[in-house]
Every structure is written in structure tokens, then in C-alpha cells.
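Per-entry structural report
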Amino acid sequence: MKKTAYGVAGLLLFLSTACSTQREKSAPKTPNVIVILADDLGYGDISFYGSKTIDTPNIDSLAHGGVAFTNAYASSSTSTPSRYAMLTGMYPWRDDIKILPGDAPLVIPTNIPTLPKKMREAGYSTGAIGKWHLGMGEGKVDWNDTIRPGAREVGFDYSCLIAATNDRVPTVFVENGGVVGLDPEDPIYVDYEKNFEGEPSAIDNPEMIRMPFAHGHNNAIVNGIPRIGYMKGGHAARWVDEDMADYFVDCTKKFLQENKDRPFFLYYGLHEPHVPRVPNQRFAGLSGMGPRGDAILEADWCVGQLVAELKRLDLLDNTIIIFTSDNGPVLNDGYKDMAVELAGDHQPAGGLRGGKYSLYDGGTHIPMCIYWKGHIDPAVSDALVCQMDLFASLGELAGYSIPDSLDSRAMLPVFLGRSDEGRDAIVIENQGKLGLRAGKYAFMPPYAGPLTNLTGNELGNLDDYGIFDLEADPAQRHNIAGSNPQLLDSLKTLFLDRTMGFYRPFVEEVTLK
């Protein structure tokens, strides 16, 4: 184990020498940390990052008041693996982490270090609220009993979560391992293979649907919305889609109130703008881009509510807020909700190529800003960083030891805006297929497979090696691999060095080509 360089005392010295005289008047206490992770929010979905078609004032205020990164990445272009990387500090492809069904067992081993475990070790109260999608239980979950292992076993003192995504069953909230509001006389049953006798489905009962499915979402019907997977029972516990944002906002406020007198670490997983997009009626029609745009406005409102509560509790000055997204955007992700038709001039990926499910830059290049009132000077940073680096970097803040085995890099000065020396390279992945971001270049090995999936998003499957200069060509329209053999050899060597021994079938394929 290697001990971090700063610790709390070291951090305070670091800050006191870096901040202005005015800020030195009152030394900061151990800061609280909140990570707000949006779901399928693209680089171009935030007005701070250049969108002229949608207004996100609350998110923008964090970006304007803190360090906004223009070169930040998720590890992966889909949800489960990118969340795994953030909480474990490890590349998800090492353990073949893929998108999970709603009844999957917990994928984070309970015997490994995790970010919340380390924060708790450093004296923080820890909480996880909102979207989870990392599995619960050990398989064949009994939703009518306490579900273990779960968030508690990986380091969260308190949790109130949805098991997977809002388009997957079970459509219930799970608080500290128990389904909220469950009636014992109406037990929950979940199956991802076959329907329960007598239960309606989108295929058999299309007259019950208020949101038509485009592809895949044709199983159980809950609140008039077809889902992935089948569900029986638990009627009193089922969520109301339009009220989910308010419910989780109330949970975050309660967590802040109960932990205001001690350091806390909160992981707040927004469910917006993931499908099905069913924002509260307050936001319906406000964006002019249909339910997806309205859901982004709702997500921005959630951020504003959290900041307002921090102000009310006199916690804002002592709280680091990290806002980001789990992966790139997608418009048609299984429902006919007019997201494509009403997008107009809006570019969810901000001009980047691809999006969710893509090895192109739009799949993993995400918005990210870090705000700490009075302790971070507003700045825009082009340092290459990854969400996975929060594990090691928060170790420098809180003073916990960092395992040598982590892929996470300690770069607290970068995250606080004191340095521009980010990573040299990041391995990124799309459902098991790997690529590399190194300096200004995107490197993509050849892969067999279709060019797009059912969503219409490009997957990044190339016939031959691809190199793209992201500074000169952020839309990745010009493959320069063929005209730069020395650069190609250099990036191939770096890629193999960063992946050798962990993705053997792929490495052998590349080596032989």
C-alpha cells in the first residue's frame, strides 16, 4: 500500500498557500464530497459546454464557479462498467463487467477496496442515492427480504436506490437493502426469461401502453410504460415515474440534514435523461425537445435543489461538488418518445462522433466540473482526466491509503485547478472492445461488427486501425493512421503495454494482425 501525499493536514497547507489572503482568514474543515452522476447525459447537453438549444443554469453555475474539464472521460460508454470503475478505481474490462439486467447479483466484490469504504475509513459518513445498476444480492434475488450483499457491503452506510435502470424491473426503491413500501400480502416476483401467468405485457396488451416501444422494451407494463423484464406483485411499492426526481431529491436532503455535523461522502445517481423519459409535469414541454430535453431540465433542477439545501444548512462552503455523466448520449434508446424528431439543432454529443455504446469519442468524452466555493478558482482545464481517478485523488484529500493495484491516478491538484498535468493516456471501452486516448489522439483498433446498433449510434467498429487528432478533428472524420506509420506504431505499443495480460483474446488478435 502506498500512503497518499497530502492527507487532510497536508491539503489544508496546500490550499492555504494557493488561495488568496482573503481565503486564508478561516481555515477549511474536512470538506464534504458529493458526486452527482447523470445518466446518458452528453457533452453537448449542457449549456456551459456550448449548447445553444437547452439551458442548464444550475449545472452551469457549478462549472462557472469551479474547474470545468473539457477533456474528461468515463472509462466506458455504458453505465454498469463506468460506475464500477468510479467506485473501484479499476478498469472494468479487467473483470469483464458489462451492462446488467435488473436482477443481477452485485458485481463489485465485497472483499476489495472501494471509494466509499476508503472514505468511511477516513471518518466520512457515506451515502448512495438514486441510480445504482451494479447488482444486488447473490443471484435470484428475493425482493421480499433484506437484500444482501449490496451498497452497504461495498462501503455505503446509507442507500436508497433503484436496482438497475428506470426501464428495467423491478420498478421499486430499495432503501438499505429493503424494498420501500412493500406489502407482505403482495410479494414481488421478477423474471427476465418468461412472463408470469395472467400478467400483461407490451406484446400481448398494446392497448395498455402510453409510451410505445421502439425496440427491446416490450415486457412488463408499469404505469403504462413497457419495461425490460417481467414483474408480478409489489403494487404498493411501485414507483410513479413522474415523481422519481422529487423522491430522490427528498432523500438527498434528508441525508444532508442527518449528516450536517460530520464529514460525509454522497454518491447521487440521477436517473435522467435515461429512458423512459418521464419527467414531472412541471417540466413537460419546457425544453421544446420532447421528454428527453424536459428530463435534462429536471436533472438541472435536481442539482439546484441540492445546492440550495447545502446553502440552507450552511454547508456549501465546505462541500466539494463533482458533477459528471456515466457515458455519452443516446436519443432513440428503446422508446418512441420523439427524441430524434424533436432534437432540431441540438447536438447531444456536442459535435463529437458517436455516443452511448460507441468507441468513438462521444461514447466516453463527458462533461465534468468540480466546485468548491471559496477554495477553487474558476477555470477551464483541458487536462486529460478520468472519473476513475476520483478514487486515488480523494485519497489525497481525505488521507486514506491507496492500493498499488489501482488503475486510478492521484491527481488532486488537477481536480482542484492547481495543475494542468493530467493523464498521459486512458484506456476506454465499449462493451468489451478497447480503445485509447493518448494526448490529443484517439486510437481505435480494428473490430468486426456492425457500424451502428438499434439506437442508430455509431459503434466504432473499423476495418483497420484508426487514429484521429481530436484537437484538429473532434468529429473524427479523418483517419490519419495510414499516413502516419511511426505514430501508429507508437500508439499500438502504448495500447498493448496498457492492456497486455488483461484482455488476452483481443491482444492476441491485434498482435497477429
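Okay, so let's go over this structure. (Residues numbered from 1 in each chain as written. Predicted model: local features only at pLDDT ≥ 70, side-chain atom pairs only at ≥ 80, totals over all residues. Heavy atoms only, no water.)

**Quick look at the pairing of strand β14 (residues 368-371)**
Each regular strand shows side chains that alternate between the opposite faces of the sheet. The side-chain alternation of β14 yields two buried faces, one formed by Met-368 and Ile-370 and the other by Cys-369 and Tyr-371. Relative to β14, strand β2 (residues 67-69) runs antiparallel, the two being bridged by 3 bridges. Residue pairing for β14: Phe-69 is matched across the bridge by Met-368. In this structure, strand β13 (residues 319-325) lies alongside β14, joined through 4 bridges in antiparallel fashion. (Buried < 20%, exposed > 50% of the residue type's maximum accessible area, 1.4 Å probe, protein only. Helix = DSSP H or I, 4+ residues; strand = E, 2+ residues; numbered from the N terminus. Pairing = 2+ DSSP bridges.)

**Topic: helix α9 (residues 485-499)**
Along its 15 residues, α9 runs 21 Å from first to last C-alpha, staying within 8% of the 21 Å computed at 1.5 Å per residue. Every buried residue belonging to α9 is among Leu-487, Leu-488, Leu-491, Lys-492, Phe-495, Leu-496 and Thr-499, and all of these are buried. Down the axis of α9, the buried set is contained in an arc of 160 degrees. They therefore lie on one face. Every exposed residue of α9 that faces more than 90 degrees away from the buried side is listed here: Gln-486, Thr-493 and Asp-497. (Expected span 1.5 Å × (residues − 1). Arc of directions from axis to C-beta.)

**Section: empty space enclosed by the protein**
Counted under the stated rule, the structure contains 3 cavities of 30 Å³ or more. Approximately 90 Å³ is the volume found for the largest cavity. Along its surface, the largest cavity is lined by 15 residues, and Gly-150, Ala-151, Ser-159, Asn-176 and Gly-177 are the ones closest to its centre. Counting residues per element, the lining of the largest cavity draws most heavily on strand β5 (residues 158-162), which supplies 3 residues. Taken together, the residues of the lining of the largest cavity break down into 7 nonpolar, 4 polar and 4 charged. Counted as a void, the second largest cavity has a volume near 60 Å³. If you trace the second largest cavity, you find it lined by Ile-320, Ile-322, Ile-370, Leu-390, Ser-393, Leu-394, Leu-397, Leu-412, Phe-415 and Leu-416. (1 Å grid on protein atoms, 1.4 Å probe; cavity = no way out; pocket = protein on both sides within 12 Å on 5 of 7 lines; lining within 4 Å. Points joined across faces, edges and corners; volume = space filled by probe spheres on them. Nonpolar A, V, L, I, M, F, W, Y, C, P; charged D, E, K, R; others polar.)

**Quick notes on the packing of helix α2 (residues 57-65) against helix α6 (residues 290-312)**
Two numbers describe a pair of packed helices, the interaxial angle and the distance between the axes. Interaxial distance between α2 and α6 falls to 7 Å at its minimum, and their mutual angle equals 60 degrees. Here α2 is positioned oblique relative to α6, judged by the angle of their axes. Mapping the contact onto sequence places Pro-57, Asn-58, Ile-59 and Leu-62 in α2 and Asp-300, Trp-301, Val-303, Gly-304 and Val-307 in α6. Here the contact of α2 with α6 is composed, by residue class, of 6 nonpolar, 2 polar and 1 charged. (Axes fitted to C-alpha atoms, helices over the stretch in contact; angles between N-to-C directions. Parallel < 35°, antiparallel > 145°, perpendicular 65-115°, else oblique. Contact = heavy atoms within 4.5 Å.)

**Side note on the sheet that holds strand β19 (residues 441-444)**
Reading across from one edge, β17-β18-β19-β20 is the order of the 4 strands in this open sheet, with antiparallel pairing throughout. Whereas interior strands pair on both sides, the edge strands pair on one side only; in this sheet they are β17 (425-430) and β20 (466-469). For this sheet, the mean angle separating the axes of adjacent strands, direction not counted, is 20 degrees. Where strand β18 (residues 433-438) and β19 come together, 3 bridges link them in antiparallel fashion. Paired with Ala-438 across the bridge in β19 is Tyr-441. Relative to β18, α9 is tilted by about 120 degrees, and along the sheet it contacts β17, β18, β19 and β20.

**Focus: the sheet that holds β14**
Strand order across the open sheet formed by 10 strands is β7-β6-β5-β4-β12-β1-β13-β14-β2-β15, with mixed pairing between neighbours. Of all the strands in the sheet, just β7 (178-179) and β15 (379-381) have a single pairing partner and so form its edges. Summarising the sheet, strand β1 (residues 32-38) and strand β12 (residues 264-269) pair through 5 bridges and their orientation is parallel. Bridge pairing in β12 links Ile-36 to Tyr-268.

**What about the environment of Phe-173?**
Within the element layout of this structure, Phe-173 appears in strand β6 (residues 173-175). The spacing of Phe-173 and Leu-161 is 12 residues in sequence and 5.6 Å in space, taken between C-alpha atoms.

**Examining the pairing of β13**
Extensive coverage of β13 is indicated by the burial of 7 of its 7 residues. Of the two faces of β13, the one holding Thr-319, Ile-321, Phe-323 and Ser-325 and the one holding Ile-320, Ile-322 and Thr-324 are both buried throughout. Where β1 lies against β13, 7 bridges are found, and the strand directions are parallel. By the bridge assignment, Leu-37 is partnered in β13 with Thr-324.

**Examining the packing of aromatic side chains**
The relation between two aromatic rings is expressed through the spacing of the ring centres and the mutual angle of the planes. Overall, the coordinates contain 19 aromatic pairs when judged by the stated rule. Seen in terms of ring centroids, Tyr-360 and Phe-468 are 6.3 Å apart; in terms of plane orientation they differ by 70 degrees. Their pairing is edge-to-face. Taken together, the residues span a long stretch of sequence, with Tyr-360 in the loop between β13 and β14 and Phe-468 in strand β20 at a distance of 108 residues. Each member of the pair, Tyr-360 as well as Phe-468, is classed as buried. Through pairs of rings, three or more aromatic residues link up here, namely Trp-132, Phe-156, Phe-265 and Tyr-267. One residue, Arg-282, lies across the ring of Trp-301, its end atom 4.5 Å from the ring centre. (Phe/Tyr/Trp six-rings, centres within 6.5 Å; stacked < 30°, edge-to-face > 60°. Lys NZ or Arg CZ within 6 Å of the ring centre and 35° of its normal.)

**Regarding helix α7 (residues 390-398)**
α7 sits mainly inside the fold: 9 of its 9 residues count as buried. Of the residues making up α7, those classed as buried are Leu-390, Phe-391, Ala-392, Ser-393, Leu-394, Gly-395, Glu-396, Leu-397 and Ala-398. Once α7 ends, the next one or two residues include Gly-399, with phi positive near 90 degrees.

**Notes on unusual backbone geometry**
Omega for the peptide link from Val-169 to Pro-170 comes to 5 degrees, which places this bond in the cis form. Here Pro-170 is to be found in the loop between β5 and β6. Following Val-275, the chain continues to Pro-276 via a peptide bond in cis, the omega torsion being -10 degrees. Assignment of secondary structure puts Pro-276 in the loop between β12 and α6. For Asp-40, which is not a glycine, the phi torsion comes out positive at approximately 70 degrees. For Asn-223, which is not glycine, the phi torsion reads 55 degrees and is therefore positive. By secondary structure assignment, the location of Asn-223 is in the loop between β9 (221-222) and β10 (225-226). In this structure Asn-223 comes out as partly exposed when scored by relative accessible area, which is 31%.

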